[in-house]
Amino acid sequence: MDLFTPRKLSCGVVIVNDAAELLLCHVTGHDHWDLPKGGAHAGETPLAAALRETREETGLALDPAALVDLGRLPFRARKDLHLFATLMAGLDPAALVCESHFVCARSGRRLPEMDGYGWFAFARIETLCTPRLASVLTDRLDLRSVLAALRERGALAVPPAVALAA
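Residues numbered from 1 in each chain as written. Predicted model: local features only at pLDDT ≥ 70, side-chain atom pairs only at ≥ 80, totals over all residues. Heavy atoms only, no water.

Hey, could you run me through the overall build of the chain in this one?
Summing up its helical and strand segments, the chain has five helices and nine strands in all. Going from the N terminus to the C terminus, the chain shows its helices and strands as β-β-β-β-α-β-β-β-β-β-α-α-α-α. Against the compact-globule benchmark of 15 Å for 166 residues, the chain has a radius of gyration of 15 Å, which places it among compact chains. Excluding contacts between residues fewer than 6 apart, the proportion of contacts in the chain whose partners are at least 24 apart in sequence is 69%. Between the centroid of the 18 positive side chains of the chain and the centroid of its 20 negative side chains there is a distance of 6 Å. (Helix = DSSP H or I, 4+ residues; strand = E, 2+ residues; numbered from the N terminus. Rg over C-alpha atoms; globule rule 2.2 N^0.38 Å. Contact = heavy atoms within 4.5 Å. Lys, Arg positive; Asp, Glu negative; His and termini not counted. Charge placed at Lys NZ, Arg CZ, Asp CG, Glu CD.)

What is the right way to read the packing of aromatic side chains from this model?
The description of two aromatic rings rests on the distance between their centres and on the angle between their planes. A full pass over the atoms with the stated rule returns one aromatic pair. Ring centres 4.8 Å apart and planes at 65° place the aromatic pair Trp33 and Phe120 in the edge-to-face group. With Trp33 in strand E3 (residues 33-34) and Phe120 in strand E9 (residues 114-121), the pair connects residues that are 87 residues apart, well separated along the chain. Taken individually, Trp33 and Phe120 each receive the classification buried, so the pair is uniform in this respect. (Phe/Tyr/Trp six-rings, centres within 6.5 Å; stacked < 30°, edge-to-face > 60°. Buried < 20%, exposed > 50% of the residue type's maximum accessible area, 1.4 Å probe, protein only.)

Sorry, what's going on with the nonpolar core here?
Grouped burial of nonpolar side chains is what soluble globular proteins tend to show. Counting 27 residues, the largest nonpolar core has Val14, Leu22 and Leu137 as its most contacted members. Of all elements in the fold, only strand E1 (8-16), strand E2 (21-27), strand E5 (68-76), strand E6 (79-87), helix H2 (125-128), helix H3 (131-140) and helix H4 (143-153) reach the threshold of two or more residues within this core. The contact partners of Val14, leaving out residues within four places of it in the chain, are Leu22, Leu35, Leu70, Leu83, Phe84, Ala85, Thr86, Leu137 and Leu143. Cys11, Val13, Leu62 and Leu96 belong to the second-largest nonpolar core, a separate cluster that totals 21 residues. (Core = buried A, V, L, I, M, F, W, Y, C linked by side-chain atoms within 4.5 Å.)

Which parts of the structure should I look at to understand the pairing of E1?
Consecutive residues of a regular strand have side chains that alternate between opposite faces of the sheet. Within E1, eight of the nine residues are buried, which leaves the element mostly enclosed by the surrounding structure. By the bridge criterion, nine bridges tie E1 to E6 in an arrangement that is parallel. Along E6, the bridge assignment pairs Val14 with Ala85. The pairing of E1 with strand E4 (residues 37-39) spans three bridges and is classified as antiparallel. By the bridge assignment for E4, Ser10 is matched with Gly39. (Pairing = 2+ DSSP bridges.)

Before we go on, may I ask you to explain H4 in this structure?
An α-helical segment advances 3.6 residues per turn. Residues three or four places apart therefore align on the same side. Within the sequence span of H4, burial applies to Leu143, Val146, Leu147 and Leu150. The arc that holds every buried residue of H4, seen down its axis, measures 100°, which confines them to one face. In H4, the exposed positions angled more than 90 degrees off the buried face are occupied by Arg144 and Glu152. Buried residues along H4 sit against E1, E2, E5, E6, H2 and H3. (Arc of directions from axis to C-beta.)

Can you help me understand the pattern of salt bridges in this one?
Pairs may arise between side chains of opposite charge once their charged atoms sit close together. Inspection of every chain in the model, using the stated rule, returns seven salt bridges. With a closest N to O distance of 2.6 Å, Asp80 and Arg7 form a salt bridge. One end of the pair, Asp80, is in strand E6; the other, Arg7, is in the segment before E1, and 73 residues separate them in sequence. Among the residues examined, Asp80 registers a relative accessible area of 9% and is labelled buried. Between Arg52 and Glu56 there is a salt bridge, and its shortest N-O distance comes to 3.4 Å. Placement of both Arg52 and Glu56 in helix H1 (residues 46-58) is noted, with a separation of four residues, approximately one turn of the helix. On the accessibility criterion, Glu56 (22% relative accessible area) is partly exposed. Look at the salt bridges and you will find they share partners, linking Glu44, Arg52, Glu53 and Glu56 into a network. (Salt bridge = Lys/Arg side-chain N within 4 Å of Asp/Glu carboxyl O.)

As structure tokens, then:
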């Protein structure tokens, strides 16, 4: 193992609502759901990367002041996650749209990275997400405590009607 290879960093946002549900994105061509997250560009702060990835994968332009920094968490052998959290009310997942695309190797068609969105109870994370992400969300983070802290802070993300990127 190369001890001098820097760990990669993926940044994203944990979006929860008052019903103790988590907003997840369905990954196109796969059978799992994910957070809006992705790799940080060179020189990009974790917060800037999380905001950009969330906008690209959901169309939501979040206010950085509404985010709580959950920190950098081990994810894979050579990759960490830096997550932020926000509380959002009244968001209809049907209004979300993925702006980032990839070319499907089999069909050659350009497809969105994410093809569906939904609110899911915290208890369903282990059946919907990959085992690694589920471990981060259930073992390393206590989503109920995150939700309580967000409620206590009193900051809601920008209302969805305003938050959707143009």
